[in-house]
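# Structural features, examined
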Amino acid sequence: MKKAFPYILPLIIGVALLFVPLLRDFHFESAMLAAIVGCFWGGIKAAYPHSKQDFFSALSILGFLYIFALPLFFFALFSGCLTFDGFAFWLLTPLPSVFLGTAIGRLFRKLSLPFPKSLTILTLLFIAIGVWLFEFFHFPQVYFYNHVWGFWPGPIYDEAVPLSGAYLYFRWLTFLWILALWMIPSWSKTRQTKLLTFLALFSLLLSYLNLNEAGIIHPGEVIQSELAGQFNTEHFHLFYDSTLYSDQEIQYWAARHEFYFQQITQQLEVDWPKGRIIESYLYGNAWQKKKITGAKFTSYVPIWLEQDQLHIAKQQLEGVLKHEMVHVISKRFGNALFHGSRSIGLIEGLAEGIAKDASPRSTLHQIVAAERPLPSAGQLQSAFSIFGFYGSAGSISYTTTGSFVAFLLENYPPSLIKKAYPTGDIQEAYKQPFDSLVANWHQELNATPLDSVDRQISEYVFAQRSLFQKKCPHSVTQQMRLWDDYQFLLAREDTLKADQKLDRLFALNSENALIKDAWIRSQLLRGHYQQAAEAITKQDTLLTLQVLKSDALFLAGKPQKARRLLSTLTPRIQSSQNRTFTYTLSLREDSLQWSYHVNRRYHKTWPDSAGFYALNTANQMLTLNKSLSENRPQQVVQFMTILLGKKLNTHWFDSYDSAIKQLVFSNKFGLAQQWIQKVAQLPLRLRYQQRLDELLEWHHFFQQYKAVAD
């Protein structure tokens, strides 16, 4: 039994780990843990004065680590979570780390240095923590490579973590270190050892000169050179991908930067130092941001850096710019260690409470109030801690803490939240028991009016699952990879390659409704009307697909068949609760409207003023939306002038909001003011009223901003 115990123990530890979220996954997190244990174990063991057979000792340690991994492997295998990337991380992470630790311990032992074990531990701690801290406080990237623990990919909110070429390159560096450290004690014994040691050290030197090109590090100046474009304002230096942003877009976002800056500094009563510049990195798409910084769909602010920075992809700008800017500005009253708060819930809650961007239709208070029971003081206190915050889905934690912080900002001076921010001690700053503050918050939530829309949005938010709650957090199928590639090509506006990727996806799984919907739309854009119509059968029960089939028949010159199909779908369309189908029938109410609709969507044709007058409201609004999405400011002005005489509907509030912003930016201040006044007469939801108030602020701000610029 004693002989078997060393083999049973790692097996028991592996089984125990099956109850720990993320670490139970046979992927990079558990491989990282094994690498840390193995590296220190190998180093300490090799540092013993009488150690022998270092190579086989390292292999023995690896054997125990892989026994420990067996329960994780079989769990992943039988649960369908096993991935090639996970297998590769388990091969490339513990193995080099164990040999590196062994090589360092062996070196100190061979050189007969005093306290070899202590030196080994200190050296490994320096590599594992010291090197990481240097990179953390000097580079804006949020991914990290380390010779001891391997790799941290950056924010992993429900994202895949694939093996990259950069990691292979980095592990090549680890191998060179192992070789050099192994050879140094005996480097002068033979010509071969001298040559091998020299080659290892020389290769290390050359390899470290290429860390930028390999993607191991990304200093700010390297990112600036990769993005190429630059635009400066009073408080910002914008660095952007000049191939994916037009001059007009950058001028618009530069103005929005200054607008949000003014809003936030005034609300928080922050005295911004004169001449202090914020660097804003605007990436062309999420994939470019992932490659450069390690964060894909997650926008972020490296508050720990002395230089103020924002990192946002183009597709996320509209929704997150104000939120991220709160993080930058709150550095002015953050703690001395990393310019933030000890409470992650307070960091994100403050940003969410000011930006209020959890939903375009419901307020933070409405979303939280619609979920019963309301969060208790204990649950809210947990949400402000790092484990409680990340223990729930991001949408839940952001919304809950955001609502509470918004309540504090609405009812108390901003100086109190600034006082609480560095330490996270809300009770001390507000001189009230935390339970009492929560009780007052509950009173406000209970007094918040709710409707079915708020309840539906709240149900969706609180149904989300965190990464820790997912069965296979990093399992990515071939179809998911191809879909991600397809979305990337669309973001790059490479429609030819995107269509090819979509054709491949459809060939792999033509029954997937999401893939089929995208493929049918692609066929219609390419003019393959009959092919699209034939691909949709009676077995396709998704209403969207059947509506698309009616469009395909109409475009194929078969209006009667199209009308008959639409007629059979009418009862389902009218009874649908999905907002998508609200105007499906009116867009196709007669041949003229139907023709305008499909021509706009698939032929990208645009009506003149006379043609726009001939459209019904639904077609007019979708045409306006198209002109907004394709950045056609002259058409926006033209269409908004015509629409001003029409009856408005809150269903189109998002369109009014976007169009008024564009009118202001186009210096059509009078027309914008007319629209704001007209929208204000509608029975607006609370969230819409908040957004309308911000439109008024934008209108006032940009007039002054433009006057100064001119």
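Before going into details, it helps to say that this report is about the structure given with it.

## Details of the nonpolar core
Formed by 155 residues in total, the largest nonpolar core has its most connected members in Leu350, Phe404, Ile426, Trp675 and Val679. The contact partners of Ile426, leaving out residues within four places of it in the chain, are Leu346, Phe384, Phe404, Leu408, Ala420, Phe434 and Leu437. Leu489, Leu502, Ile536 and Leu543 belong to the second-largest nonpolar core, a separate cluster that totals 34 residues.

## Things to note about the packing of aromatic side chains
Where two aromatic rings form a pair, the distance of their centres and the angle of their planes describe that pair. As enumerated under the stated definition, the model contains 60 aromatic pairs in all. Considering the side-chain rings of Trp132 and Phe136, the 5.0 Å spacing of their centres and the 35 degrees angle between planes classify their relative orientation as tilted. Placement of both Trp132 and Phe136 in helix α6 (residues 116-136) is noted, with a separation of four residues, approximately one turn of the helix. Given the relative accessible area of 17%, Phe136 is considered buried. Here a set of aromatic residues connected by ring pairs shows up, and it is made of Tyr252, Trp253, Phe259, Tyr260, Phe665, Phe669, Trp698, Phe701, Phe702 and Tyr705.

## Notes on helix α8 (residues 191-208)
Taking 1.5 Å per residue, 18 residues should reach 26 Å; α8 reaches 26 Å between its end C-alpha atoms and fits that length. Within the span of α8, buried status applies to Thr193, Thr197, Ala200, Leu204 and Ser207. Buried residues in α8, looked at end-on, bunch into an arc of 100 degrees, giving them a common side. With respect to the buried face of α8, the exposed residues turned more than 90 degrees away are Arg191 and Phe198. Looking at the buried residues of α8, the elements they touch are α7 (165-183) and α9 (211-214).

## Describing the pattern of salt bridges
Scanning the model with the defined rule gives 24 salt bridges in all. Of the charged contacts in the structure, one is a salt bridge between Glu630 and Lys626, with a shortest N-O distance of 3.7 Å. A relative accessible area of 21% means that Lys626 is categorised as partly exposed. Taken together, the salt bridges that share partners define one network made up of Glu318, Asp654, Asp657, Lys661 and Arg691.

## A word on the environment of Trp149
Here Trp149 lies in the loop between β1 (144-146) and β2 (150-152). In this structure Trp149 comes out as buried when scored by relative accessible area, which is 10%. For the pair formed by Trp149 and Phe653, sequence separation is 504 residues and the distance between their alpha carbons is 50 Å.

## Here we look at the pairing of strand β4 (residues 236-241)
Taken across its six residues, β4 has five buried, putting it largely inside the fold. When strand β3 (residues 228-232) meets β4, the two strands line up antiparallel, connected through five bridges. Counterpart to Phe231 in the pairing with β4 is Leu238. Between β3 and β4, which pair antiparallel in sequence order, lie three residues. Of the strand pairs in this sheet, β4 and strand β5 (residues 278-283) are connected by five bridges, and their pairing is parallel. Among the inter-strand pairings, Phe236 is bridged to a residue of β5, identified as Ile278. Each parallel crossover has a hand, and the one from β4 via helix α11 (residues 247-267) to β5 is left-handed.

Rules used in this analysis
Residues numbered from 1 in each chain as written. Predicted model: local features only at pLDDT ≥ 70, side-chain atom pairs only at ≥ 80, totals over all residues. Heavy atoms only, no water. Core = buried A, V, L, I, M, F, W, Y, C linked by side-chain atoms within 4.5 Å. Buried < 20%, exposed > 50% of the residue type's maximum accessible area, 1.4 Å probe, protein only. Contact = heavy atoms within 4.5 Å. Phe/Tyr/Trp six-rings, centres within 6.5 Å; stacked < 30°, edge-to-face > 60°. Helix = DSSP H or I, 4+ residues; strand = E, 2+ residues; numbered from the N terminus. Expected span 1.5 Å × (residues − 1). Arc of directions from axis to C-beta. Salt bridge = Lys/Arg side-chain N within 4 Å of Asp/Glu carboxyl O. Pairing = 2+ DSSP bridges. Right-handed = clockwise from strand over helix to strand, strands pointing away.

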